[in-house]
Amino acid sequence: MALDVWLFDKTDERKLETKTAVLVSPQVIARDMAKIFGGERESFDLLQPELQSSLPTGRRLSALDCLVKEAAFFDANSGDDTATGVFRTLEIAMTVLRRR
(Lines give C-alpha, C1' and ligand atoms only; values in the text may rest on other atoms or scores of the structure.)
Protein backbone atom coordinates (compact mmCIF):
# COMPACT_ATOMS: atom_id res chain seq x y z
CA MET A 1 0.00 0.00 0.00
CA ALA A 2 2.97 2.32 0.45
CA LEU A 3 6.48 2.70 -0.88
CA ASP A 4 9.07 4.59 1.15
CA VAL A 5 11.59 6.49 -1.01
CA TRP A 6 14.86 7.86 0.39
CA LEU A 7 17.63 10.07 -0.95
CA PHE A 8 20.81 10.21 1.13
CA ASP A 9 23.05 13.06 -0.04
CA LYS A 10 26.64 13.20 1.11
CA THR A 11 28.00 15.58 -1.53
CA ASP A 12 29.08 17.85 1.32
CA GLU A 13 30.61 15.75 4.12
CA ARG A 14 30.00 18.60 6.58
CA LYS A 15 26.26 18.54 5.99
CA LEU A 16 24.76 15.12 5.26
CA GLU A 17 21.12 15.16 4.19
CA THR A 18 18.42 12.55 3.93
CA LYS A 19 15.15 13.33 2.15
CA THR A 20 12.18 10.99 2.19
CA ALA A 21 8.80 10.64 0.55
CA VAL A 22 6.04 8.07 0.74
CA LEU A 23 4.22 6.94 -2.39
CA VAL A 24 0.82 5.57 -1.40
CA SER A 25 -2.10 3.76 -2.99
CA PRO A 26 -5.47 5.53 -3.16
CA GLN A 27 -6.76 3.28 -0.37
CA VAL A 28 -4.30 4.79 2.11
CA ILE A 29 -5.93 8.17 1.58
CA ALA A 30 -9.48 6.79 1.37
CA ARG A 31 -9.08 4.90 4.66
CA ASP A 32 -7.28 7.79 6.39
CA MET A 33 -4.21 5.60 7.03
CA ALA A 34 -1.52 8.19 6.25
CA LYS A 35 -0.23 8.28 9.84
CA ILE A 36 0.32 4.52 9.78
CA PHE A 37 2.54 4.70 6.71
CA GLY A 38 4.09 8.09 7.10
CA GLY A 39 4.52 9.20 10.64
CA GLU A 40 6.71 12.27 10.28
CA ARG A 41 7.60 11.84 6.61
CA GLU A 42 8.12 14.96 4.59
CA SER A 43 5.62 14.24 1.83
CA PHE A 44 3.03 11.87 0.44
CA ASP A 45 2.33 11.31 -3.24
CA LEU A 46 -0.65 9.37 -4.51
CA LEU A 47 0.62 6.56 -6.73
CA GLN A 48 -0.88 6.77 -10.16
CA PRO A 49 0.49 6.22 -13.67
CA GLU A 50 2.50 9.15 -15.07
CA LEU A 51 3.06 10.67 -11.62
CA GLN A 52 6.32 12.62 -11.65
CA SER A 53 7.90 13.36 -8.31
CA SER A 54 11.22 14.80 -7.20
CA LEU A 55 13.15 14.75 -3.93
CA PRO A 56 15.65 17.63 -4.06
CA THR A 57 18.21 18.20 -1.32
CA GLY A 58 18.25 21.51 0.50
CA ARG A 59 21.15 22.98 -1.43
CA ARG A 60 19.73 21.66 -4.72
CA LEU A 61 22.99 19.84 -5.44
CA SER A 62 21.24 16.57 -6.11
CA ALA A 63 17.76 15.19 -6.53
CA LEU A 64 15.94 11.90 -7.00
CA ASP A 65 13.45 12.09 -9.85
CA CYS A 66 10.73 9.43 -9.98
CA LEU A 67 8.31 8.57 -12.75
CA VAL A 68 5.53 6.06 -12.09
CA LYS A 69 5.22 4.08 -15.29
CA GLU A 70 2.59 1.64 -14.08
CA ALA A 71 0.55 1.30 -10.89
CA ALA A 72 -2.27 -1.16 -10.34
CA PHE A 73 -3.86 -2.25 -7.08
CA PHE A 74 -6.03 -5.08 -5.84
CA ASP A 75 -9.61 -3.96 -5.29
CA ALA A 76 -12.73 -5.22 -3.51
CA ASN A 77 -13.67 -7.23 -6.63
CA SER A 78 -10.53 -9.37 -6.31
CA GLY A 79 -12.26 -11.55 -3.73
CA ASP A 80 -10.02 -10.58 -0.80
CA ASP A 81 -11.16 -7.42 0.96
CA THR A 82 -7.99 -7.29 3.07
CA ALA A 83 -5.89 -6.92 -0.11
CA THR A 84 -7.78 -3.84 -1.32
CA GLY A 85 -5.23 -1.13 -2.10
CA VAL A 86 -2.21 -3.45 -2.08
CA PHE A 87 0.10 -3.19 -5.10
CA ARG A 88 -0.74 -5.64 -7.88
CA THR A 89 1.88 -4.18 -10.24
CA LEU A 90 4.19 -1.24 -9.81
CA GLU A 91 6.90 0.09 -12.11
CA ILE A 92 8.86 3.21 -11.23
CA ALA A 93 11.83 4.75 -13.02
CA MET A 94 14.20 6.55 -10.63
CA THR A 95 17.09 8.78 -11.60
CA VAL A 96 19.55 10.41 -9.22
CA LEU A 97 20.81 13.73 -10.54
CA ARG A 98 23.86 15.56 -9.31
CA ARG A 99 23.88 19.20 -10.24
CA ARG A 100 27.09 21.17 -10.44
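Described below are features of the structure shown in this document.

About the criteria used
- Residues numbered from 1 in each chain as written.
- Predicted model: local features only at pLDDT ≥ 70, side-chain atom pairs only at ≥ 80, totals over all residues.
- Heavy atoms only, no water.
- Helix = DSSP H or I, 4+ residues; strand = E, 2+ residues; numbered from the N terminus.
- Buried < 20%, exposed > 50% of the residue type's maximum accessible area, 1.4 Å probe, protein only.
- Areas by Shrake-Rupley, 256 points an atom, 1.4 Å probe, with all protein chains shown as cover.
- Pairing = 2+ DSSP bridges.
- Axes fitted to C-alpha atoms, helices over the stretch in contact; angles between N-to-C directions.
- Core = buried A, V, L, I, M, F, W, Y, C linked by side-chain atoms within 4.5 Å.
- Contact = heavy atoms within 4.5 Å.

Counting secondary structure elements, the chain contains 2 helices and 6 strands. The linear arrangement of helices and strands in the chain, starting from the amino end, is β-β-α-α-β-β-β-β. By the burial criterion, 32% of the 100 residues in the chain qualify as buried. Accessible area for the chain stands at about 6,500 Å²; split by element, carbon and sulfur atoms hold 50% of it.

What follows deals with the sheet that holds strand S5 (residues 62-73). Pairing is antiparallel in the open sheet, where 3 strands are placed in the order S4-S5-S6. Single-partner strands in this sheet number two, and they are strand S4 (52-56) and strand S6 (87-98). Taken over all neighbouring pairs, the strand axes of this sheet differ in orientation by 20° on average, direction set aside. For S5 and S6, the ladder comprises 11 bridges, and the chain directions are antiparallel. The residue of S6 that forms the bridge with Ser-62 is Arg-98.

Below, the discussion takes up the nonpolar core. Here is a general trend for soluble globular proteins: nonpolar side chains tend to be buried in one another's company. Listed in full, the 12 residues of the largest apolar core are Val-5, Leu-7, Ala-21, Leu-23, Leu-47, Leu-51, Leu-55, Leu-64, Cys-66, Val-68, Ala-71 and Phe-73. Secondary structure elements with two or more residues in this core: strand S1 (2-9), strand S2 (17-24) and S5. The leading source of residues in this core is S5, at 5 residues. Setting aside chain neighbours within four positions, we find Leu-55 in contact with Val-5, Leu-7, Lys-19, Thr-20, Ala-21, Ser-62, Ala-63 and Leu-64. If you look at the next biggest cluster of nonpolar residues, it comprises 5 residues, including Met-1, Val-24, Val-28 and Met-33.

Moving on: the pairing of S2. Among the 8 residues of S2, 6 are classified as buried, and the element is accordingly described as predominantly covered. Examined bridge by bridge, S1 and S2 share 8 bridges and lie antiparallel to one another. Bridge pairing in S2 places Ala-2 opposite Val-24. Where S2 meets strand S3 (residues 44-46), 3 bridges bridge the pair, whose relative direction is parallel. Bridging across to S3, Leu-23 finds its partner in Asp-45.

Moving on: the pairing of S5. Judged from the 5 bridges that link them, S4 and S5 form a sheet pairing that is antiparallel. Directly across from Pro-56, in S5, lies its bridge partner Ala-63.

Just distances and angles here, no functional claims.
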